[in-house]
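Structural overview for review
Here is how the chains run, residue by residue.
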Amino acid sequence: MPLRLPDKLPAIELLKKENIFVMDNTRATTQDIRPLKIVILNLMPLKITTETDLVRLLSNTPLQLDISFMKLKSHTPKNTPIEHMMMFYRDFETMRNEKFDGMIITGAPVETYDYEEVTYWDEIRTIMTWARTHVTSTMYICWAAQAGLYCHYGIPKYPLEKKMFGIFRQYTLQPQMPIFRGFDDVFFMPHKPTYRNQTRGY
């Protein structure tokens, strides 16, 4: 089934060249199908590239998805044309009364900052809290996963002096916590490094 995307989104033409079936809003409105509503909070600097990557993955579903893009009011991206942001993204404030079936919050190159040092942390925290009552299921990617653990459960991050990554054995120490619902007593989880001496900037 096709993805339903905003008219003229650059990802549409790129994905059509990959033989992925996408549909713009104009055509989708003629179908008598209720698509799943998905909102993407894209915090990555190269927004068009990230949009295309995410939409490519979302295309592998038999469902019709209605994709919306959310942006922060408290941060202006430096690497994406303002015209693109104005055409395809909406501020959280204009979306806060809507409900969605799913949400994706991407990572951001701010992993060496303390959360409270991130200039848009207050708005991110507000959005993550809002998602618990307005979104059926939220996927947190990379830095957003760390931020989500901190926002919802108070779990801090621990910067390392040297690179460490891989898939490691984990143990469920407090299985009664909702975050571990459905987990085995022992499970494996990938880890991505956070460097203490990594260059900051976003």
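This part takes up the overall build of the protein. Broken down by element type, the protein carries six helices and nine strands. Taking all 202 residues of the protein together, the buried fraction comes to 40%. Considering only intrachain contacts with a sequence separation of at least 6, the fraction spanning at least 24 residues in the protein is 71%. In the structure as shown, the protein presents an accessible area of about 12,200 Å², 56% of it carried by carbon and sulfur atoms.

The subject of this paragraph is the packing of aromatic side chains. Inspection of every chain in the model, using the stated rule, returns ten aromatic pairs. On the numbers, 6.3 Å between centres and 65° between planes, the contact of F100 with W130 is edge-to-face. Note that F100 is positioned in strand β6 (residues 100-105) and W130 in helix α5 (residues 121-134), a separation of 30 residues in sequence. For the pair F100 and W130, a shared accessibility class is recorded, and that class is buried. Judged by centre distance (5.9 Å) and plane angle (45°), the rings of W121 and Y150 are tilted.

Turning our attention to unusual backbone geometry. A positive phi angle, close to 55°, is found at C142, a residue other than glycine. By secondary structure assignment, the location of C142 is in the loop between β7 (135-140) and α6 (143-153). The partly exposed category is assigned to C142, whose relative accessible area is 40%.

Structurally, A131 can be placed in helix α5. Using a relative accessible area of 1% as the deciding quantity, one classes A131 as buried. Each C-alpha atom of the pair A131 and M103 lies 7.8 Å from the other, and the pair is 28 residues apart in sequence. The contacts of A131, once residues within four sequence positions are left out, are M103 and T138.

Ranked by internal contacts, the top residues of the largest apolar core, which has 26 residues, are L41, M70, M103, W130 and W143. Contributions of two or more residues to this core are made by β3 (36-41), β6, α5 and α6. Here the element with the most residues in this core is α5; it accounts for six residues. In this view, W143 contacts L43, G107, A108, V110, E111, Y115, V118, Y120, W121 and K157; residues no more than four positions away in its chain are not counted.

Scanning all chains against the criterion turns up six salt bridges. With a shortest N-O distance of 3.6 Å, K37 and E98 are connected by a salt bridge. Of this pair, K37 sits in strand β3 while E98 sits in the loop between β5 (89-91) and β6, placing them 61 residues apart in sequence. For K37, a relative accessible area of 27% puts it in the partly exposed group. Among the residues examined, E98 registers a relative accessible area of 21% and is labelled partly exposed. One continuous salt-bridge network, built from bridges that share partners, spans K37, R90 and E98.

With that out of the way, let us pick up the layout of surface pockets. Space inside the largest pocket adds up to approximately 1,500 Å³. Taken together, 39 residues form the lining of the largest pocket, with A145, Q146, L149, I155 and M189 sitting closest to its centre. Secondary structure elements with two or more residues in the lining of the largest pocket: α5, β7, α6, β8 (166-171) and β9 (186-191). Split into classes, the residues belonging to the lining of the largest pocket amount to 24 nonpolar, eleven polar and four charged.

Rules of the game
Per chain, residues are indexed from 1 in the order of the written sequence. Side-chain atom pairs in this predicted model are given and counted only at pLDDT of 80 or more, local residue features only at pLDDT of at least 70, and totals for whole chains, interfaces and linings cover all residues. Only hydrogens and water are set aside; all other atoms, that is, all heavy atoms of the structure, feed into the side-chain values. Here a helix means four or more residues in a row that DSSP labels H or I, a strand means two or more in a row labelled E, and each is numbered from the N terminus. Buried residues are those whose accessible area, probed at 1.4 Å on protein chains only, stays under 20% of the maximum for their type, while exposed residues exceed 50% and partly exposed ones sit between those limits. Two residues form a contact once any of their heavy atoms are found within 4.5 Å. Note on areas: Shrake-Rupley, 1.4 Å probe, and residue coverage restricted to the protein chains presented here. The criterion for an aromatic pair is that two Phe, Tyr or Trp rings (for Trp, the six-membered ring) have centres within 6.5 Å, with stacked assigned to planes under 30 degrees apart, edge-to-face to planes over 60 apart and tilted to the rest. Put simply, a nonpolar core is a bunch of buried Ala, Val, Leu, Ile, Met, Phe, Trp, Tyr and Cys residues held in one set by side-chain atoms that sit within 4.5 Å of each other. What counts as a salt bridge is simple: a side-chain nitrogen of Lys or Arg found within 4 Å of a carboxyl oxygen of Asp or Glu. Site definitions follow a grid-based scheme: protein atoms alone, a 1 Å grid, a 1.4 Å probe that fits but cannot get out for cavities, and for pockets an open set with protein on both sides within 12 Å along at least five of seven lines, plus lining residues having an atom within 4 Å of a point. Grid points are joined across faces, edges and corners, and a volume is the space filled by probe spheres set on the points. Three categories are distinguished: nonpolar for Ala, Val, Leu, Ile, Met, Phe, Trp, Tyr, Cys and Pro, charged for Asp, Glu, Lys and Arg, and polar for the others, with Gly belonging to the last.

Note that every value here comes from positions in space, so none of it alone points to a role or purpose.
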